[in-house]
Amino acid sequence: MSPSEGAGVTRRGLLAGAGAVVAGAVGTGMTGVAGTAVATPEPAGFGPVTIRPGDSRYENLLRGNNFRFVGRPDEIRVAGSTAQVVRAVSDAVRSGRRVAVRSGGHCFENFTADPAVRMLVDLSPMDAVEYDASRRAFAVQPGATLGHVYRRLGTGWGVTIPAGGCPEVGAGGHFAGGGYGPLSRRYGAVVDHLYAVEVVVADRDGGARAVVATREPDDPNRDLWWAHTGGGGGNFGVVTRYWLRSPEATGTEPSRLLPPAPRQMLECVVVWAWDDRMTERALSTLARNFGVWHERHSAPGSPGTGLYAILGLAHRSAGSVQLIVQADGGLPGVDDLVTELVSAVQAGTGLTPVLNERRRLPWLHATTWPGLGQPGDVFTRRYKLKAGYLRRSFTDAQLATIHRHLTNDTGGAHGGVQLIGYGGRAGAVPPGATAIAQRDVVMKAVYHALWTDEGEDAGNLTWIREFYGDVYSGTGGAPVPGEVSDGSYINYPDADLADPAWNTSGVPWHTLYYKDNYPRLQRVKARWDAGNVFRHALAVEPPA
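Let me sum up the structure you'll find in this document. All values derive from a computational prediction rather than experimental measurement.

Another aspect to go through is the sheet that holds strand 4 (residues 49–51). Spatial strand order, 4-5-7-6: 4 strands in an open sheet with mixed pairing. At either end of the open sheet lies a strand with only one pairing partner, and these are strand 4 and strand 6 (99–102). Direction aside, neighbouring strands of the sheet carry axes that sit 20° apart on average. Relative to strand 5 (residues 75–78), strand 4 is paired through 3 bridges, and the arrangement is antiparallel. Along strand 5, the bridge assignment pairs Thr-50 with Arg-77.

In structure tokens form, the structure reads like this:
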């Protein structure tokens with residue numbers, strides 16, 4: 001699985017098309033239906049809880065998932081409802097304090113731990129997953145982890161979503177950035193099933209309110225829905241609820257409104273030892289074969305799109321290179337498809353696997369078991385990730401560069417690059433239909449360095465930055481859209497792409513992430529966050 005999303009691991013009814021608004025007042029919500037507003041009491045439940053320095057709970061909630069970053073906000077608001085989020089945002093705006101939000105999952109950069117953030121809103125208690133009959137869609141709150149989402153959807157209705165394979169990823173940021181995982185080649189990105197969002201936005205007068213935006217063509221708030229189909233988290237407001245329903249779904253039977261959850265997951269693991277036989281030629285052939293297979297088997301609807309494969313090219317000091325293939329165990333001929341993929345990847349390498357094993361597991365066993373893959377250890381977990389989309393296999397020069405960096409003396413046992421299969425159904429959606437512009441790619445490449453000690457920061461950061469920069473040296477150290485590359489994925493945020501010291505391509509970071517969709521995202525920003533309340537190192541900027 002990928003280090004981030006679990007590759008690495010986020011809605012029609014009574015208010016459809018009406019642009020429902022929940023206006024913020026202390027302790028209440030205002031739900032608008034077709035131009036009317038009805039006051040409703042805040043539901044009983046958790047919070048709100050305000051935690052400040054000196055409180056015994058403060059240090060426990062201060063750090064995010066990446067221990068490299070530690071902020072020092074004036075307060076941490078732990079929210080349990082939309083009304084509590086409205087109040088928190090309003091308080092922050094009116095007091096002139098920078099606000100950031102986290103849902104409790106992964107965060108690779110310091111978006112929530114920036115020293116400038118004075119109020120951190122924690123949404124981890126908001127983890128409900130339920131069926132909303134009024135919208136014929138499944139409502140998911142942002143604090144729900146993917147493992148929790150899978151379990152509730154599977155147990156309650158026998159359905160699922162094509163999200164990440166890491167159960168500890170939070171739905172809040174995962175969904176807003178696009179979301180993908182083991183079923184995406186078959187069913188598309190998560191946001192291809194997104195019906196609506198509820199977002200707490202900041203008003204021009206310093207207040208805050210919650211807005212519901214749907215994908216209905218006549219919804220006046222539809223642009224806000226579109227911005228959350230891959231525009232990334234922390235840009236336009238605070239998402240407090242997602243509604244999910246497949247676009248082709250009809251009727252009112254919940255079990256038919258999202259993809260069916262597989263009965264079993266078939267997993268194949270192939271391991272090659274990194275010894276004298278893993279030459280530059282052998283490693284390059286493995287990677288090239290993996291890319292060529294995906295070039296040939298990523299057309300929407302083709303049989304190969306039922307397979308989800310990851311080729312893990314670890315640093316030589318890790319001792320091995322791994323191929324993991326996952327698929328719905330009920331797919332016709334799935335075992336033969338897996339065998340053909342493994343043979344194609346291994347062809348011409350001269351390598352013999354030290355392990356070639358496959359097994360079938362219940363779907364929920366495979367998608368909710370946390371495993372031991374958390375970056376770092378229980379004391380410290382520190383990491384840096386970089387990424388790039390691929391339209392085709394790396395060039396020979398790039399493959400030689402990858403081998404050189406995976407065999408140098410400065411790399412660590414927890415560094416490398418993963419090639420992750422994409423394409424398939426995800427490629428059937430036009431690039432402007434959602435905020436995800438990269439719809440004709442067949443793979444994602446994820447470069448990672450993981451370590452445990454603060455004293456190792458400088459060496460690991462230098463290693464991964466030089467590794468990545470050299471792979472893309474022909475395009476100024478960044479995956480500039482072209483014949484091979486197609487920019488990067490916002491859920492693998494990399495602030496270095498906004499730094500001219502590392503990105504010398506002349507292509508701005510926002511083009512790498514959003515391509516031609518960025519101007520539209522800026523227009524959404526201007527409408528819904530004119531005061532630029534929600535911002536971070538890679539935030540969508542208001543138009544000039």
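So, on to helix 3 (residues 146–157). With 12 residues, helix 3 should cover 16 Å at 1.5 Å per step; its first-to-last C-alpha distance of 16 Å lies within 8% of that length. Among all positions in helix 3, only Leu-146, Gly-147, Val-149, Tyr-150 and Leu-153 are buried. Projected down its long axis, helix 3 shows its buried positions confined to an angular sector of 160°, all on one face. Those residues of helix 3 that are buried lie in contact with strand 8 (129–132), strand 9 (137–140), helix 4 (171–176) and helix 9 (363–368). Just downstream of helix 3 lies Gly-158, where phi reads positive at about 70°.

Bringing the nonpolar core into the picture now. Of all hydrophobic cores here, the largest spans 123 residues; its most connected members are Trp-272, Leu-323, Phe-394 and Tyr-447. For this core, the element with the most residues is strand 19 (residues 443–451), which contributes 7 residues. The contacts of Phe-394, once residues within four sequence positions are left out, are Leu-399, Ile-402, Leu-419, Ala-445, Tyr-447, Val-471, Tyr-472 and Val-484. One finds Ala-79, Val-86, Val-533 and Phe-534 within the second-largest nonpolar core, a separate group that totals 18 residues.

Where helix 10 (residues 396–406) contacts helix 11 (residues 457–471), the two axes come as close as 9 Å, and the packing angle between them is 165°. Taken together, the axes of helix 10 and helix 11 lie roughly antiparallel to each other. In this structure, the crossing between helix 10 and helix 11 has a hand that is right-handed. Contacts between helix 10 and helix 11 involve Gln-398, Thr-401, Ile-402, Arg-404, His-405 and Leu-406 on the former and, on the latter, Trp-463, Glu-466, Phe-467, Asp-470 and Val-471. Of the residues contributing to the contact of helix 10 with helix 11, the split by class is 5 nonpolar, 3 polar and 3 charged.

Okay, the sheet that holds strand 15 (residues 320–328) next. As summarised here, the arrangement of the 7 strands in space is 16-13-15-14-18-19-17, forming an open sheet in which the pairing is antiparallel. In this open sheet, the two strands that pair with only one neighbour each are strand 16 (355–362) and strand 17 (382–390). The mean inter-strand angle of the sheet, taken between neighbouring strand axes irrespective of direction, is 15°. Inspection of the sheet shows strand 14 (residues 307–314) paired to strand 18 (residues 415–421) by 5 bridges, in the antiparallel sense. Within strand 18, the position partnered with Leu-313 by the bridge is Val-417. Lying over the sheet, helix 7 (residues 280–296) contacts strand 13 (264–273), strand 14, strand 15, strand 18 and strand 19, oriented at roughly 160° with respect to strand 14. On top of the sheet, helix 8 (residues 334–346) reaches strand 13, strand 14, strand 15 and strand 16; it is set at about 20° to strand 13, its chief contact.

All right, on to the environment of Gly-105 then. Structurally, the position occupied by Gly-105 is in the loop between strand 6 and strand 7 (119–122). In this structure Gly-105 comes out as buried when scored by relative accessible area, which is 15%. Sequence spacing of Gly-105 and Asn-65 is 40 residues, and the spatial spacing of their C-alpha atoms is 7.0 Å. Discounting chain neighbours no more than four positions away, the residues touching Gly-105 are Asn-65, Glu-168, Val-169 and Gly-170.

The next thing to look at is the pairing of strand 14. The buried count for strand 14 comes to 8 of 8 residues, which makes it a mostly enclosed element. Neither face of strand 14 is open: one carries Leu-307, Ala-309, Leu-311 and Leu-313, the other Tyr-308, Ile-310, Gly-312 and Ala-314, and all of them are buried. Here strand 14 runs beside strand 15; their pairing, made up of 6 bridges, is antiparallel. Note on strand 15: the bridge partner recorded for Leu-307 is Ala-327. Where strand 14 folds back on strand 15, the antiparallel hairpin that results is connected by 5 residues, among which Gly-319 adopts a positive phi of roughly 95°.

Calculation notes
- Residues numbered from 1 in each chain as written.
- Predicted model: local features only at pLDDT ≥ 70, side-chain atom pairs only at ≥ 80, totals over all residues.
- Heavy atoms only, no water.
- Pairing = 2+ DSSP bridges.
- Helix = DSSP H or I, 4+ residues; strand = E, 2+ residues; numbered from the N terminus.
- Axes fitted to C-alpha atoms, helices over the stretch in contact; angles between N-to-C directions.
- Expected span 1.5 Å × (residues − 1).
- Buried < 20%, exposed > 50% of the residue type's maximum accessible area, 1.4 Å probe, protein only.
- Arc of directions from axis to C-beta.
- Contact = heavy atoms within 4.5 Å.
- Core = buried A, V, L, I, M, F, W, Y, C linked by side-chain atoms within 4.5 Å.
- Parallel < 35°, antiparallel > 145°, perpendicular 65-115°, else oblique.
- Left-handed = near helix turned anticlockwise from the far one by under 90°.
- Nonpolar A, V, L, I, M, F, W, Y, C, P; charged D, E, K, R; others polar.

None of the figures reported here should be taken as evidence of function without further support.
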